[in-house]
Amino acid sequence: MTGPRKLYIKTYGCQMNVYDSERMAEAMGGQGYVQTDRPDDADMILLNTCHIREKAAEKVYSELGRYKGLKAAKPDLRIGVAGCVAQAEGEEIMRRQPMVDLVVGPQSYHRLPEMEARAGNGAKVLDTDFPEEDKFERLKGRSKAKRGPTAFLTVQEGCDKFCAFCVVPYTRGAEVSRPADRVMAEARDLVERGVREITLLGQNVNAYHGHDRGLAGLIRQLATIDGLERIRFTTSHPNDMDDDLIAAHGDCEKLMPYLHLPVQAGSDRILKRMNRQHTAESYLRVIERLRAARPDLHLSGDFIVGFPEETEEDFRATLDLIEAVEYGSAFSFKYSERPGTPAAERPQVPEDEKDDRLQRLQALLTRQQRALQDAMVGREVGVLFEKPGRQPGQMGGKSEYLHAVHVEAEGLQPGDLRKVRITDSGPNSLAGTLV
Ligand code: SAH
Ligand code: SF4
Ligand code: F3S
């Protein structure tokens, strides 16, 4: 007897890939596939890949290498590569790894079921188009199964900014927004299935224009949905923080006081070479206005060290900017040369310089992060509980500020939103008691 076919998906990269993997799994559900968490058990393996830095992209080839044995033992096994490496290096993947049956770019995955059927007849299939049709509308309606209290919802894709270091405008294409009514329908559906917190996603989510009042208009409309308790959004560009979006941080109760607003560097000379279209000063002014609207806002950022021609003085300007902002969390990276991007052609900073700068930057960011987290002790926060903690009787969730919080209490359920008094701050999380 044969059971349903099994699909194993491995997801790399950003939250948009997490969302895409969910949608691809649902689409393949229509072809009779159920998900498995074991590659050796699968009839189809799909890698949803990331091209942002060299290390991320290379993982794909080493991961594929690990499936050679599986494919040899089970010739019917389908192997697919999706996401941003598929888009950037589709043909090369097919050439370097002949066991790959299909390659699907991030804008064509609504065609995956049909591609899988074609690959099933022994053919190799590659689709890295940027088609006119809206892939989200071409996908089947979302499943009605109950789900956890938090969800991602992609509302915008692509990027028109062309920062000199970044592959995203090439792998994801031009900026496109989903119409507000479709987003509302999907959000209502998620809430009916148990979701209490939605994070709106886009590579440039605050450039959203599917609502006549932009992202702020969408957030205010989403806030009218009963049962939806929390709204977040990521990732934003400083130049697209308009007045209404800043105001929403002060007057929209469901919008959480946490904002990821990458700046990349603190030196205007480097920001200019990065083609960021803003200065350190204009970034700091946006933050000042945000904090005027919402004084307890926690900020998060992305930083690149060792961008081509970055001097010690430029690097110090980044440290100064970090000192001025005080981040609640942050992500930092050594600059990685990406083929086809303008910065890859410029004089590079030596690797040991990059290592040294990254260490110093991360030491400062970790100090700030820990200080802001420790300052939560004694305060009352709202916690949306998500799942049992490591110790028996413990439940874990997130505060408004996205801190992980755990509480020991009887009878708490995932999806409960409760007031918690913070009693302790550990290396990666806070502990507290129900109020
Ligand atoms: N759209 C978002 C982020 C996209 S990529 C934004 O504009 O902020 C996520 C992060 O990866 C970037 O913010 C940047 O810090 C980092 N990144 C992008 N390209 C990189 C590269 N070539 N080398 C190192 N880090 C990079
Ligand atoms: Fe990349 Fe810049 Fe676009 Fe962000 S804004 S996705 S860093 S090009
Ligand atoms: Fe990576 Fe593509 Fe996201 S390059 S960061 S998966 S948009």
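Residues numbered from 1 in each chain as written. Chains lettered and ligands numbered in written order. Predicted model: local features only at pLDDT ≥ 70, side-chain atom pairs only at ≥ 80, totals over all residues. Heavy atoms only, no water.

- An unreviewed UniProt entry annotates the protein as tRNA-2-methylthio-N(6)-dimethylallyladenosine synthase originating from Salipiger mucosus DSM 16094.
- For the protein, the Subunit (unreviewed entry) comment in UniProt is given as "Monomer."
- Database annotation for the protein, UniProt heading Sequence similarities (unreviewed entry): "Belongs to the methylthiotransferase family. MiaB subfamily." (UniProt positions renumbered as here; feature names shortened; annotations may be inferred.)

1. Some words on helix 8 (residues 180-192)
1) Next: The first and last C-alpha atoms of helix 8 sit 18 Å apart over 13 residues, in line with the 18 Å expected at 1.5 Å per residue.
2) Next: Packed against the buried residues of helix 8 are helix 1 (15-29), strand 7 (150-154), strand 10 (197-201) and helix 9 (214-222).
3) Next: Of the residues trailing helix 8, Gly-194 is marked for its positive phi of about 110°. (Helix = DSSP H or I, 4+ residues; strand = E, 2+ residues; numbered from the N terminus. Expected span 1.5 Å × (residues − 1). Contact = heavy atoms within 4.5 Å.)

2. Looking at the UniProt feature "domain: TRAM" (unreviewed entry) in the protein
1) Next: Feature annotation in UniProt places "domain: TRAM" (unreviewed entry) on residues 374-435, given in this structure's numbering.
2) Next: Helix makes up 2% of residues 374-435 and strand 55%, whereas the separation of the span's terminal C-alpha atoms amounts to 19 Å.

3. Section: the domain arrangement of the protein
1) Next: What the domain assignment reports for the protein is domain 1 (5-127), domain 2 (144-256), domain 3 (283-375) and domain 4 (380-434).
2) Next: Computed from C-alpha atoms alone, the centre-to-centre distance between domain 2 and domain 4 is 26 Å.
3) Next: Taken together, the contacts link eight residues of domain 2 with 12 residues of domain 4.
4) Next: The three residues of domain 2 that bury the most area against domain 4 are Pro-149, Arg-230 and Arg-232, which together make up 62% of that side's buried surface.
5) Next: Here domain 2 and domain 4 share zero salt bridges between them.
6) Next: Applying the counting criterion to the domain 2 and domain 4 interface returns four residue pairs in polar contact (both at pLDDT 80 or more).
7) Next: Here the residues of the side of domain 2 that touches domain 4 sort into two nonpolar, one polar and five charged. (Domains from an automatic or database assignment. Buried area = accessible area lost by both parts, 1.4 Å probe. Salt bridge = Lys/Arg side-chain N within 4 Å of Asp/Glu carboxyl O. Polar contact = N/O pair within 3.5 Å; in protein donor to acceptor, adjacent residues only side chain to side chain. Nonpolar A, V, L, I, M, F, W, Y, C, P; charged D, E, K, R; others polar.)

4. Here's the deal with the pairing of strand 16 (residues 394-399)
The side chains of a regular strand alternate, first on one face of the sheet and then on the other.
1) Next: Counting buried positions along strand 16 yields five of six residues, so the element is predominantly enclosed.
2) Next: In this structure, the hairpin formed by strand 15 (residues 380-388) and strand 16 is closed by a connection of five residues, where Gly-393 is found at a positive phi of approximately 85°.
3) Next: With five bridges joining them, strand 16 and strand 17 (residues 404-408) adopt antiparallel strand pairing. If you follow Met-395 over to strand 17, its bridge partner there is Val-407.
4) Next: Connecting strand 16 to the antiparallel partner strand 17 that follows it, the hairpin turn spans four residues, and Leu-402 within it adopts a positive phi of roughly 70°. (Buried < 20%, exposed > 50% of the residue type's maximum accessible area, 1.4 Å probe, protein only. Pairing = 2+ DSSP bridges.)

5. Considering the sheet that holds strand 17
1) Next: Reading around the barrel, the five strands line up as 15-16-17-19-18 and close back on themselves, with mixed pairing between neighbours. Each strand of the sheet is rotated relative to its neighbour by a mean of 50°, with strand direction disregarded.
2) Next: Pairing geometry for strand 15 and strand 18 (residues 417-425), over five bridges, is antiparallel. Considered in strand 18, the bridge of Val-381 is made with Val-420. (Axes fitted to C-alpha atoms, helices over the stretch in contact; angles between N-to-C directions.)

6. Remarks on the packing of helix 10 (residues 243-251) against helix 12 (residues 280-293)
1) Next: Across the interface, helix 10 lies against helix 12 with an axial gap of 7 Å and an inter-helix angle of 35°. Between helix 10 and helix 12, the residues in contact are Asp-243, Ile-246, His-249 and Gly-250 and Arg-289, Leu-290 and Ala-293, respectively.
2) Next: Across the contact of helix 10 with helix 12, the residue classes tally to three nonpolar, two polar and two charged.

7. As for the UniProt feature "binding site: [4Fe-4S] cluster 2" (unreviewed entry) in the protein
1) Next: UniProt records the feature "binding site: [4Fe-4S] cluster 2" (unreviewed entry) at Cys-159, Cys-163 and Cys-166, using the numbering of this structure.
2) Next: Topologically, Cys-163 is positioned in the loop between strand 8 (156-157) and helix 7 (168-171).
3) Next: For Cys-163, the contacting residues outside a window of four places in its chain are Met-274, Asn-275 and Arg-276.
4) Next: Mapped onto the secondary structure, Cys-166 falls in the loop between strand 8 and helix 7.
5) Next: On the basis of relative accessibility, which here comes to 14%, the residue Cys-166 falls in the buried class.
6) Next: Dropping the residues within four chain positions of it, Cys-166 is found in contact with Ile-52 and Thr-341.

8. Brief notes about the packing of aromatic side chains
1) Next: The final tally for this structure, using the stated rule, is five aromatic pairs.
2) Next: A ring pair is formed by Phe-165 and Phe-307, whose centres lie 6.2 Å apart and whose planes are at 85°; its orientation type is edge-to-face. Here the residue Phe-165 occupies a position in the loop between strand 8 and helix 7, and Phe-307 occupies one in the loop between strand 13 (298-305) and helix 13 (312-325), the gap between them amounting to 142 residues.
3) Next: A relative accessible area of 0% means that Phe-307 is categorised as buried.
4) Next: With a centroid separation of 5.3 Å and an interplanar angle of 85°, the aromatic rings of Phe-303 and Tyr-327 are classed as edge-to-face. A residue pair is termed long-range when its members are at least 10 positions apart, and Phe-303 in strand 13 and Tyr-327 in the loop between helix 13 and strand 14 (329-334) qualify at 24 residues. Each member of the pair, Phe-303 as well as Tyr-327, carries the same accessibility label: buried.
5) Next: Of note, Arg-53 hangs over the ring of Phe-333, and the distance from its end group to the ring centre comes to 3.7 Å.
6) Next: The ring of Phe-136 is capped by Arg-178, whose NZ or CZ atom sits 4.2 Å from the centre of that ring. (Phe/Tyr/Trp six-rings, centres within 6.5 Å; stacked < 30°, edge-to-face > 60°. Lys NZ or Arg CZ within 6 Å of the ring centre and 35° of its normal.)

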